[in-house]
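Structure assessment
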Amino acid sequence: MVPLLALLEMRRNRKREWRSHIPFWILAAVYLAVISANGFLTGSLANLVRPLDVQMLTQVKAVVYYLVLHIMPAGLSVVHDFSASESVADGAVVCSLLFLGTLAASLVWAAAKWRSTAMVGVGAAWFLIGLSLTFVMPLFVLVSEHRSYISSAGFLIASLGALGHHQLIARQGLALRGTGSALLVFLALLTWQRNNIWLDGLSLWKDAVAKAPHMSRGHQNLGVTLEELGQVEAAKRSYERALALQPDMADALKNLGRLYLSQGNLEMAEDFLNRSLAIDDHYVQTHVNLGSVYLKTGRWRQAAKRLESALELEPENSVALTNLASLYLEQGLREDDEAAARAYLTRAAIGFKSLLAKDARNVEARINLAGVYAAQGRPDSASALYQQAIEIQPKNRDAYANFARHLAASGDHAAAIPLYLAALANGGDAQVSYEVGNSYAAMRNFPSAAAAYRQACPGRADPTCFYNLAEVLLELGRESRSEGDPDRARQRWEEARASYLQVERLAPDFRMIAQRLRRLNAMLE
């Protein structure tokens, strides 16, 4: 705006007004200093999205395009079907240059003939100055309606200057007022129509795709909107369409990768995420998502590298910090070398502590840090953290389940069982049922153990669960027989045999299963 203010003052020729502009000039200078100091300006100029000559030729067409939109604002959209021009011989560039040259010559001729048309020149200069930055600063989007907002004031100044020539308004006032009123109503209707399109993201980007079907940006953003609405397959098609138009579109590649990751298609997710990073490795979430792929496929070193890259770009990224610390914890638990295991656990502790320093109510970090302390042989510290996690979120099933596992591992099954039951009451899964069954069995509470295993085994398809159920039922059968209830004993042994057979079906090589079945069959004869 500062150059436009200067232009206006040149027209007024009122020097005393310049002092009132000093704050604006200072603000402009400060802004330029800031974006230069933080590297934004130099970085943008050093990483141009297209050559400067291509940008200038393209924007020559854009000036005419903006003029047309101001004269007849039809086909408005957040994305316009507009292509870059790489040669001055391009027909659209040639026609645009001829049009703009003719327009400039007409303004010069009119200014020489009629001094009262000077405001037309001021408006034209205002219009061009408002768009001047787009000639020297290449942006990803070739044309965008909002870039002409400042210039539109110049268009209005020029239009009013032309209408005011030779007192045209005074002589044809009624006709012009009627025409102006009709135009105002027409523009109001267009605004109402556009407002309906802007009601939500889906209507906005569907409109953009309909008006600019060959522009990848519209399809990409439509895909994002569809994915947010849960229309995953439709989103996938939009991303694929964007890539068909622009194969090197990093946004569409990373979004497809993220989508495949959420669906569990790790091979496709890895492919698209790697392709996205090859084009632009500054997307933090892409590093995080690729790290998740590597974690899920057991490639720890590659996962660590990706997560470390994410943290180099954004040191406070909570997801990257959590995943990397969790990776170190997992490696610490798996590592056979004692010194290496200690090193991994120390790094995990540092990561989880940094998360808690950012957010003391981060229950996930508190639970994981408790796991680190347990692995480091600090059971009391681990228990304290689990208790704090439960106090912060009294319905957090993971806090109860992990605390219970910690106590069960130390042999305190009596204290673990109530925590397992609390975890189940808050949405615990089959794994929790299986583990509480183990604790009941350790306490020789076989009826409760059997009930827990019956609940757990169908959801686990795990031979160990069925084996444990069979063992518990075998003991319950013996108790029934000793109590003088052979029918009840036989019923329990029949159920035990069914469980052993399920083990044999799931794992034919399961240790001792054949021997157990022979012994049980002998008991049932």
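Above this text you will find the structure in question.
Residues numbered from 1 in each chain as written. Predicted model: local features only at pLDDT ≥ 70, side-chain atom pairs only at ≥ 80, totals over all residues. Heavy atoms only, no water.

This next bit is on the overall build of the protein chain. For the protein chain, the count of helices and strands is 28 helices and zero strands. Looking at the protein chain residue by residue over its 525 residues, the buried ones come to 41%. Long-range pairs, those at least 24 residues apart, make up 53% of the contacts in the protein chain with a sequence separation of at least 6. (Helix = DSSP H or I, 4+ residues; strand = E, 2+ residues; numbered from the N terminus. Buried < 20%, exposed > 50% of the residue type's maximum accessible area, 1.4 Å probe, protein only. Contact = heavy atoms within 4.5 Å.)

Time to look at the packing of helix α11 (residues 201–211) against helix α12 (residues 216–228). At a closest axis distance of 9 Å, the pairing of α11 and α12 adopts a crossing angle of 155°. As far as their axial angle goes, α12 and α11 are roughly antiparallel. Crossing geometry of α11 relative to α12 is assigned as left-handed. Between α11, through Gly201, Leu202, Trp205, Lys206 and Val209, and α12, the contact on the second element is made entirely by Arg217, Gly218, His219, Asn221, Leu222, Thr225 and Leu226. Classifying every residue of the contact of α11 with α12 gives five nonpolar, five polar and two charged. (Axes fitted to C-alpha atoms, helices over the stretch in contact; angles between N-to-C directions. Parallel < 35°, antiparallel > 145°, perpendicular 65-115°, else oblique. Left-handed = near helix turned anticlockwise from the far one by under 90°. Nonpolar A, V, L, I, M, F, W, Y, C, P; charged D, E, K, R; others polar.)

Grouped together as the largest cluster of nonpolar side chains are 105 residues, with contacts concentrated most on Phe352, Leu369, Val372, Tyr453 and Tyr500. Among the elements that take part in this core, helix α26 (residues 463–482) stands out by supplying nine residues, more than any other. The residues contacting Tyr500, other than those within four sequence positions of it, are Tyr467, Ala470, Glu471, Leu474, Ile513, Arg516, Leu517 and Leu520. If you look at the next biggest cluster of nonpolar residues, it comprises twelve residues, including Ala62, Phe127, Phe135 and Leu142. (Core = buried A, V, L, I, M, F, W, Y, C linked by side-chain atoms within 4.5 Å.)

Another point: a nonpolar patch on the surface. Side chains of Ile71, Met72, Leu183, Phe186 and Leu187 sit close together on the surface and give an oily, nonpolar patch of about 460 Å² of accessible area. Per-element tally for the nonpolar patch: the top contributor is helix α10 (residues 173–197), with three residues. With respect to the helices and strands, the residue Ile71 is situated in helix α4 (residues 52–71). (Patch = residues over 30% accessible without salt bridge, like charges linked within 9 Å, V, L, I, M, F, W, Y side chains within 5 Å. Areas by Shrake-Rupley, 256 points an atom, 1.4 Å probe, with all protein chains shown as cover. Salt bridge = Lys/Arg side-chain N within 4 Å of Asp/Glu carboxyl O.)

A few words on the pattern of salt bridges. Where charged atoms of side chains with opposite charge meet at close range, the side chains can pair. Scanning all chains against the criterion turns up 15 salt bridges. The residue Arg516 makes a salt bridge to Glu471 at a minimum N-O spacing of 3.4 Å. Of this pair, Arg516 sits in helix α28 (residues 513–524) while Glu471 is found in helix α26, placing the two residues 45 residues apart along the sequence. Residue classification places Arg516 among the buried positions, given a relative accessible area of 17%. Three or more residues are tied together by salt bridges with common partners; here these are Arg194, Asp207 and Lys211.

Moving on, we get to the environment of Val143. Position of Val143 among the secondary structure elements: in the loop between α7 (133–136) and α8 (149–163). With 78 residues separating them along the chain, Val143 and Tyr65 place their C-alpha atoms 8.7 Å apart.

A word on the state of the cysteines. The tally for this structure, following the rule as stated, stands at one disulfide. In this model Cys457 forms its disulfide with Cys465; the gap between the sulfur atoms is 2.2 Å. The sign of the -95° torsion about the S-S bond sets the Cys457-Cys465 disulfide as left-handed. Considered together, Cys457 and Cys465 belong to a single accessibility category, that of buried residues. (Disulfide = S-S within 2.5 Å.)

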